[in-house]
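# Inside the fold
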Amino acid sequence: MCDTCGCNVTPGNRDLAEGRQATQVLGNLLQVNDNQASHNRVHFNGHGVLSVNLMSSPGAGKTALLEATAELLEDGLRIGVIEGDLETENDADRIRACGVPVVQICTGTACHLDAHMVHDALHQLDLDTLDVLFVENVGNLVCPASFDLGQHRNVALLSTPEGDDKPAKYPVMFRSADLVLLTKRDLAPYMPEFDAAKAANYVRQLGNAAPILELSSKSGDGMEGWTSWLKRGVAELRDNLGLPATTGA
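Because the structure is a prediction, the values reported are computed rather than measured. (Residues numbered from 1 in each chain as written. Predicted model: local features only at pLDDT ≥ 70, side-chain atom pairs only at ≥ 80, totals over all residues. Heavy atoms only, no water.)

### With respect to the overall build of the protein chain
The helix and strand inventory of the protein chain stands at ten helices and seven strands. Taking all 249 residues of the protein chain together, 51% fall into the buried category. Put simply, 73% of the contacts in the protein chain that link residues at least 6 apart link residues at least 24 apart. (Helix = DSSP H or I, 4+ residues; strand = E, 2+ residues; numbered from the N terminus. Buried < 20%, exposed > 50% of the residue type's maximum accessible area, 1.4 Å probe, protein only. Contact = heavy atoms within 4.5 Å.)

In structure tokens form, the structure reads like this:
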């Protein structure tokens, strides 16, 4: 994991891990990251923006989910996206085509986003025009779950083609999820070996009582539950912060 393989050093924090500070900082990059994450959360709270960290393996449907969400919320919540990938702006271009503000982060060799990368991206977005900011993390079922970005909610996606045992095999991510989405459920008739009840049971065995929703970004089935969850999240955040209800919803 990141504590041993070296991927805790990312483009966002490399300056902290090099030069004279290397000895004292390398062993404590997670703490440095957490400090930056707290600062990011101050930004989000100050603008009443709900920040949602999307985590999954590559190809689980994060970008497709955002495309479908943008269409459904066109006259509702105002959304923005920070897009994380090792290389290319392919997914960011898909989001831009939906008319959604997006900032691409190319991590190079880093298999996750960190709070410093997200902070840099925030300065390229007008948070006053947003109700929800999605952070589409790098596709990876391990490392993203270990790095606080300043988000309010973690959402873990598990797609039908992946198999129902992933929560048992990759517990850290699914244990930290505030919502689990079982995606690509339009493929269920062709992949009966995926047992949604078994996947849910694995999540529960981790001690996580988070909601579990089945949906398909392609067919639209189950998407209403997802958008309702987002709207409740924005309303709860703004109420807790003593802010007026969003005008977008």
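### Regarding the packing of aromatic side chains
Under the definition given, this model contains two aromatic pairs. With 6.1 Å between their ring centres and 35° between their planes, Phe134 and Trp226 make a pair best called tilted. Of this pair, Phe134 sits in strand β4 (residues 132-136) while Trp226 sits in helix α10 (residues 223-240); the two residues are 92 residues apart in sequence, bridging distant segments of the chain. Assessed through its relative accessible area of 0%, Trp226 is described here as buried. Here a set of aromatic residues connected by ring pairs shows up, and it is made of Phe134, Trp226 and Trp229. (Phe/Tyr/Trp six-rings, centres within 6.5 Å; stacked < 30°, edge-to-face > 60°.)

### A word on the nonpolar core
Ranked by size, the top nonpolar core spans 29 residues in total, and within it Val52, Leu54, Phe134, Val155, Leu181, Trp226 and Leu230 carry the most contacts. Among the secondary structure elements, those contributing two or more residues to this core are β1 (50-55), α4 (62-72), β2 (79-85), α5 (90-96), β4, β5 (153-159), β6 (179-183) and α10. Excluding residues that lie within four positions of it along the chain, Phe134 makes contacts with Val52, Leu54, Leu66, Thr69, Ile79, Gly80, Val81, Ile82, Trp226 and Leu230. Phe44, Leu113, Val118 and Val135 belong to the second-largest nonpolar core, a separate cluster that totals 18 residues. (Core = buried A, V, L, I, M, F, W, Y, C linked by side-chain atoms within 4.5 Å.)

### A look at the environment of Lys166
For Lys166, the position within the fold is in helix α7 (residues 166-169). Each residue touching Lys166, except ones within four places of it in the same chain, is listed here: Leu141, Leu158 and Phe174. Among the polar contacts made by the side chain of Lys166, one reaches the main-chain carbonyl oxygen of Glu162 at a distance of 2.6 Å. (Polar contact = N/O pair within 3.5 Å; in protein donor to acceptor, adjacent residues only side chain to side chain.)

### Overview of the packing of α4 against α10
Contact geometry for α4 and α10: axes closest at 11 Å, N-to-C directions at 75°. Taken together, α4 and α10 sit at an angle that is classed as roughly perpendicular. Contacts from Leu65, Ala68, Thr69 and Leu72 in α4 reach Met223, Trp226, Thr227 and Leu230 in α10. Split by residue class, the contact of α4 with α10 holds six nonpolar, two polar and no charged. (Axes fitted to C-alpha atoms, helices over the stretch in contact; angles between N-to-C directions. Parallel < 35°, antiparallel > 145°, perpendicular 65-115°, else oblique. Nonpolar A, V, L, I, M, F, W, Y, C, P; charged D, E, K, R; others polar.)

### Things to note about the sheet that holds strand β7 (residues 212-214)
Strand order in the open sheet formed by seven strands is β3-β2-β4-β1-β5-β6-β7, with parallel pairing between adjacent strands. Each edge of the open sheet is held by one strand with a lone partner, namely β3 (102-106) and β7. Strand-to-strand twist across the sheet, computed as the mean angle between neighbouring axes with direction ignored, equals 20°. Sheet strands touched by α4: β1, β2, β4, β5 and β6. Its angle to β4, the strand with the most contacts, is close to 160°. (Pairing = 2+ DSSP bridges.)

### Some thoughts on the packing of helix α3 (residues 29-47) against helix α6 (residues 115-122)
Where α3 meets α6, the closest approach of the two axes is 8 Å, and the angle between their N-to-C directions is 30°. Accordingly, the angle class assigned to the pair α3 and α6 is roughly parallel. Considering how the two elements wind past one another, α3 and α6 form a crossing that is left-handed. Where α3 approaches α6, its residues Val32, Asn33, Gln36, Ala37, His39, Asn40, His43 and Phe44 are matched on the opposing element by Ala115, His116, Val118, His119 and Leu122. Its residues assigned to classes, the contact of α3 with α6 comprises six nonpolar, seven polar and no charged. (Left-handed = near helix turned anticlockwise from the far one by under 90°.)

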